[in-house]
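Chain by chain, the residues:
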Amino acid sequence: MRIPLSWIREFAAIPNSLTPEEIGEAIVKVGFEVEDIEHQGSEISGPLVIGRVLKIEEITEFKKPIRWVELDCAEPTTRFVICGASNFSIGDLVVVALPGAVLPGGFAISQRETYGKVSNGMICSSRELGLNEDHSGILVLPTQSTSPGADALELLEIQDVVFDVAVNPDRGYALSVRGMAREVAASLGVAFADPVHSINLDGFVSTGKGVVPKIGDPKGVSVIYVRTLGNFDPKAHTPLWMRRRIEKCGMRSISLAVDVTNYVMLELGQPLHAFDRSQIEGSLHIRRAGKTKNFTTLDGQERTLSGEDLLVADDARALALAGTMGGANSEVNESTTSLAIEAARFDPICIAKNARRHKLSTEASRRFERGVDPSLAEYASARAAALLIAHGGATHVDSQHDGEPKYSPIVDLDPHFIASLTGADISLAQVREKLTLVGCDVEEISESLWRIDPPSWRSDLLAPADLVEEVARMVGYDAIPSLLPPHPVSPGLTNFQRRLRILAQLLADKGLVEVQNYPFVSGSIMKEMGYLGDRAKAFRIVNPMSEDAPLLRTHLIPGLVETAARNISRGARDFGLFEIGTIFRNTSSLSSIDNPPTDARPSQKILDQIYAGVPDQPIHVGGVLIGNAHSDDWRGKGRAYDWNDAIEFAESILQACNLTWTIARSDFAPWHPGRCAELLVDGKIISHAGELHPRVVAFFGLPARSCAFVVNLSAIPDHDVLRAPSVGTMPVAVQDIALIVDEKVTSAEIVEALKSGAGELLESVTLFDRYDKLGEGKISLAYTLTFRAPDRTLTGAEISQVREAAVEAARIKFGAIIRSA
């Protein structure tokens, strides 16, 4: 929230000796974040006065309209200036920068000749003065607001300091000058004058029949006040001081009636709404939308209502989206002479739902969502009525209300709990002082029991821990020692956590870069990937971050290829990415449960029901391989990633988990048919790896033959402790064989057959050649067999025997025969 220092000083006795930076530090000290300190008007110097327009001469011989204007600036002679704006008339009051003045941006004003005339100064717009961004025309002041020659810097309060403060969601009271001034006063230890105490509630005498409010939904609102005013002058201007304060807070002046409601909201923190009384039929009701289907708000948008929307309505129709925005059908306009000023304490959750359902966050809804002081409806409506009577000529007709304010319950507190929880040496006297400072009433029942009555504006103070936080921030967080609390000895990482860390390090060591993608995906991407069955059953998010990606991912590959495409667009060419994350598949019905009470730990039955409503979220590791595995350099030609590399990465993951696996061909989207393998552990598919489908590659703009792999880590069984194999000391015997097999037989199947036939003396099998031009559906696979005995050197006879046993096993299982040529 933007808050001017001049307004804060009205309620907090801040010493003039303090700099804005020191005041900003005081705001930070009590738990707020000061995002910016803006020194408005600091760049303006020199004479800046009010002038009255006496004469306008139109110069028409140029491409754009030019005016030569005669001004009365309360000087011995009149002054003439050239101006390109046309939104002012004879008799208007304007701001004139005289020669010698310097405006924001270092723009120096001097007498100069232009368009064949001598311009002796400049008439200023709001943006040229740094007041706001309005540059549509000259700043024209109300005719009776001042006189020619007045100091514009002082009149418009141009030179001021504005604090831009970030207010936490639980501190809604601070979205007002009243609330922030109280915090500043408490932080600096200076006096605070509550503006509510100066509001007169007894000066409103009924002179007629006014609008009567009626609460139809007590859950939506606790109290509402409506003050009816008549004889309002719709042409009355907003006083300059009020207009400037509203502008400094980042809002624009609209009309007196609207400006007064905004001003009181900024001052006290209570949103109000001004209705055109003549457009209200009967009473003013607070009700749900029910059967009301459509409603047009002040911004001209026709909105489709939910039956649960909270409305302000009369006897015939809806008039406002409660606490959010008024309706076009009861808007105050230039002919409005009677007003109904509404102030209510709406339920924060109801208003939050209103705003989110209609994507309509307003200044009013932001305050109601955070909780408004229940007692303010009466005072704020009285303050607004008094301002409209004073500046708009209105007369009071009637004031009515319904409901009663509801306040936070009294909290029982052991005062020693403050020091115990914070770990700081805070005396009981300090506890009482600080709680009183934030507005609490303290009643000491005994040394270990105090009853704390929170102030009306602090609906968030509901438990002892909340009071601890208030004392801590008032004492100062820097006064609390930075010591770690004692904790039980950590049991360390679980086996699964260790596995995740090991695999992440493994893939990083192999040159891949880890990424973390959002777990959201669009339906069009899912379709493009070719997902079917369970992988197409996605959960739809109720309130997605983006309507372009409303689904939870069912696979890691979509996010990885999108990230790869983004990096390619930024100039990356040869790289590999990997991600470890959860996926979500809507493959089973989930139970639902109402929110359990929070005053005690839920029973095991309720916990089981809660977890039964949470979908299974298996953890996968996936990667994409883009471009070259090795680039061309002076040592030789490079090599592009191919589908064997993807399979090798998947195998390295299973190997690191100390597992044995088999490999089989697969036709599985989004991989290329015939260039995709599935890895099985104990007969269960654990992984897919290979070359991405050309359709997917083309859609994302990836290099040809880009590859990917995915391993379902949650499906991998726990493994025994990995023990290093013994290192053989005996000589090895190496034998090469070439086998002719059917083309449908995989190399992995042949390797397993060779190992089973040769027994323990076969140390390793390596495929070194594949020849697939034999014809008749046959291929040749050539292997290097390495034999070794742990305790002796193998004889030639032994080597021949185990070699023939290995070949025989391959013959029996797959019809393999030795290739002779």
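Here, every reference points to the structure presented above.
As a starting point, this report considers the structure included with it. Because the structure is predicted, anything quoted here is derived from the model rather than measured.

## Notes on the sheet that holds strand β36 (residues 671-681)
Part 1 of the argument: Strand order in this open sheet of seven strands is β28-β31-β32-β38-β37-β36-β35, and the pairing throughout is mixed. On the outer flanks of this sheet lie β28 (513-514) and β35 (662-665), each paired with one strand and no other.
Part 2 of the argument: Taken together, the seven bridges between β36 and strand β37 (residues 684-692) define a ladder with antiparallel strand orientation. Among the inter-strand pairings, A677 is bridged to a residue of β37, identified as A689.

## Quick look at the layout of surface pockets
Where empty space is left becomes clear once a probe the size of a water molecule has been rolled over the atoms.
Part 1 of the argument: Its boundaries defined by the atoms lining it, the largest pocket holds a volume of some 1200 Å³.
Part 2 of the argument: Considering the residues around the largest pocket, the lining is formed by 29 residues, among which E651, I663, S747, A748 and L767 are closest to the centre.
Part 3 of the argument: Looking at the lining of the largest pocket, the elements that each hand over two or more residues are α17 (643-656), β35, β36, α19 (747-758) and β40 (762-775).
Part 4 of the argument: In terms of residue class, the lining of the largest pocket is built from 13 nonpolar, eight polar and eight charged.
Part 5 of the argument: What the second largest pocket holds in volume is close to 880 Å³.
Part 6 of the argument: Residue lining of the second largest pocket: 31 residues in total, with I254, V258, N262, H273 and L298 positioned closest to the centre.
Part 7 of the argument: Take the lining of the second largest pocket: its biggest share by element is four residues, from helix α6 (residues 256-268).

## Regarding helix α8 (residues 363-370)
Part 1 of the argument: Inspection of α8 places A364, S365, R367, F368 and E369 among the buried residues, and these make up the whole buried set.
Part 2 of the argument: On its buried side, α8 packs onto α6, β23 (339-346) and α7 (348-357).
Part 3 of the argument: Looking at the residues trailing α8, positive phi occurs at G371, about 100°.

## Focus: the sheet that holds strand β26 (residues 441-446)
Part 1 of the argument: Strand order in the open sheet made by the three strands is β25-β27-β26, with antiparallel pairing throughout. Across the chains shown, the open sheet's two edge strands, defined by having one partner strand only, are β25 (411-413) and β26. For this sheet, the mean angle separating the axes of adjacent strands, direction not counted, is 25°.
Part 2 of the argument: Of the pairings in the sheet, the one linking β25 to strand β27 (residues 449-453) comprises three bridges and is antiparallel in character. Paired with V411 across the bridge in β27 is I452.
Part 3 of the argument: The sheet contacts of helix α12 (residues 464-475) involve β25 and β27, and relative to β25 the element is tilted by about 70°.

## Digging into the pattern of salt bridges
Part 1 of the argument: Summed over all chains, the structure comprises 39 salt bridges.
Part 2 of the argument: Among the salt bridges present, the one from E267 reaches R383, with a minimum N-O distance of 2.9 Å. Of this pair, E267 sits in helix α6 while R383 sits in helix α9 (residues 376-392), placing them 116 residues apart in sequence.
Part 3 of the argument: Because the salt bridges share partners, they merge into one network encompassing E183, R458, D460, E470 and R473.

## Here we look at empty space enclosed by the protein
Part 1 of the argument: Scanning all chains against the criterion turns up four cavities of 30 Å³ or more.
Part 2 of the argument: Its boundaries defined by the atoms lining it, the largest cavity holds a volume of some 100 Å³.
Part 3 of the argument: Y173, L268, G269, D373 and L376 are, among the 14 residues lining the largest cavity, the residues nearest its centre.
Part 4 of the argument: Here the element with the most residues in the lining of the largest cavity is helix α4 (residues 177-188); it accounts for three residues.
Part 5 of the argument: Here the lining of the largest cavity is built from residues that sort into five nonpolar, five polar and four charged.

## What about the packing of aromatic side chains?
Part 1 of the argument: Tallied over the full model, the rule gives nine aromatic pairs.
Part 2 of the argument: Between W7 and Y263, the aromatic rings sit 4.9 Å apart at their centres with planes inclined by 15°, giving stacked as the arrangement. Taken as a pair, W7 in helix α1 (residues 5-9) and Y263 in helix α6 lie far apart in primary sequence, 256 residues in all. Summarising the burial analysis for this pair, W7 and Y263 share the class buried.
Part 3 of the argument: Ring geometry for F346 versus F368: centroids 5.2 Å apart, planes at 75°, classification edge-to-face. Of this pair, F346 sits in strand β23 while F368 is found in helix α8, placing the two residues 22 residues apart along the sequence. For the residue pair F346 and F368, the accessibility class agrees, reading buried in each case.
Part 4 of the argument: Cluster of aromatic residues (ring-pair linked, three or more members): W7, W241 and Y263.
Part 5 of the argument: For the cation-ring pair, R67 lies above F88, with the distance from its terminal atom to the ring centre recorded as 4.8 Å.

## Considerations on the packing of α6 against α9
Part 1 of the argument: Taken N-terminus to C-terminus, the directions of α6 and α9 make an angle of 140°; their axes are 10 Å apart at the nearest point. If you check the angle between α6 and α9, you find them oblique. For the pair α6 and α9, the crossing hand works out as right-handed. Contacts between α6 and α9 involve L256, A257, V260, Y263, V264, E267 and L268 from the former and L376, A380, R383, A384, L387, L388, H391 and G392 from the latter.

## Looking at the packing of helix α5 (residues 240-248) against α6
Part 1 of the argument: Between α5 and α6, the shortest axis-to-axis distance is 10 Å and the interhelical angle comes to 60°. Between α5 and α6, the angle is such that the two are oblique. You can see that α5 and α6 cross each other, and the crossing is left-handed. Residue-level contacts link W241, M242, R245 and I246 of α5 to D259, V260, Y263 and L266 of α6.

## Focus on the pairing of β35
Part 1 of the argument: Bridging between β35 and β36 involves four bridges; their strand directions are antiparallel. Counterpart to R665 in the pairing with β36 is A677.
Part 2 of the argument: Hairpin connection between β35 and β36: a loop of five residues separates the two successive antiparallel strands.

## Some details on the nonpolar core
Part 1 of the argument: Grouped together as the largest cluster of nonpolar side chains are 81 residues, with contacts concentrated most on F32, V264 and L435.
Part 2 of the argument: Residue contacts for F32: discarding those within four places in its chain leaves I27, V165, A166, V167, R171, Y173, A174, M180, E183 and R473.
Part 3 of the argument: Counting 30 residues, the second-largest nonpolar core is a separate cluster that includes C657, V711, A715 and I716.

## Observations concerning the pairing of strand β20 (residues 310-313)
Part 1 of the argument: Neither face of β20 is open: one carries L310 and V312, the other L311 and A313, and all of them are buried.
Part 2 of the argument: Both strand β17 (residues 284-288) and β20 contribute to a ladder of four bridges, which runs antiparallel. When the sheet's bridge partners are listed, R288 is paired in β20 with L310.
Part 3 of the argument: Note that β20 and strand β21 (residues 318-321) share three bridges and pair antiparallel. Bridging across to β21, V312 finds its partner in A320.

Rules used in this analysis
- Residues numbered from 1 in each chain as written.
- Predicted model: local features only at pLDDT ≥ 70, side-chain atom pairs only at ≥ 80, totals over all residues.
- Heavy atoms only, no water.
- Pairing = 2+ DSSP bridges.
- Helix = DSSP H or I, 4+ residues; strand = E, 2+ residues; numbered from the N terminus.
- 1 Å grid on protein atoms, 1.4 Å probe; cavity = no way out; pocket = protein on both sides within 12 Å on 5 of 7 lines; lining within 4 Å.
- Points joined across faces, edges and corners; volume = space filled by probe spheres on them.
- Nonpolar A, V, L, I, M, F, W, Y, C, P; charged D, E, K, R; others polar.
- Buried < 20%, exposed > 50% of the residue type's maximum accessible area, 1.4 Å probe, protein only.
- Contact = heavy atoms within 4.5 Å.
- Axes fitted to C-alpha atoms, helices over the stretch in contact; angles between N-to-C directions.
- Salt bridge = Lys/Arg side-chain N within 4 Å of Asp/Glu carboxyl O.
- Phe/Tyr/Trp six-rings, centres within 6.5 Å; stacked < 30°, edge-to-face > 60°.
- Lys NZ or Arg CZ within 6 Å of the ring centre and 35° of its normal.
- Parallel < 35°, antiparallel > 145°, perpendicular 65-115°, else oblique.
- Left-handed = near helix turned anticlockwise from the far one by under 90°.
- Core = buried A, V, L, I, M, F, W, Y, C linked by side-chain atoms within 4.5 Å.

Scope: geometric values only; no functional claims are made or implied.
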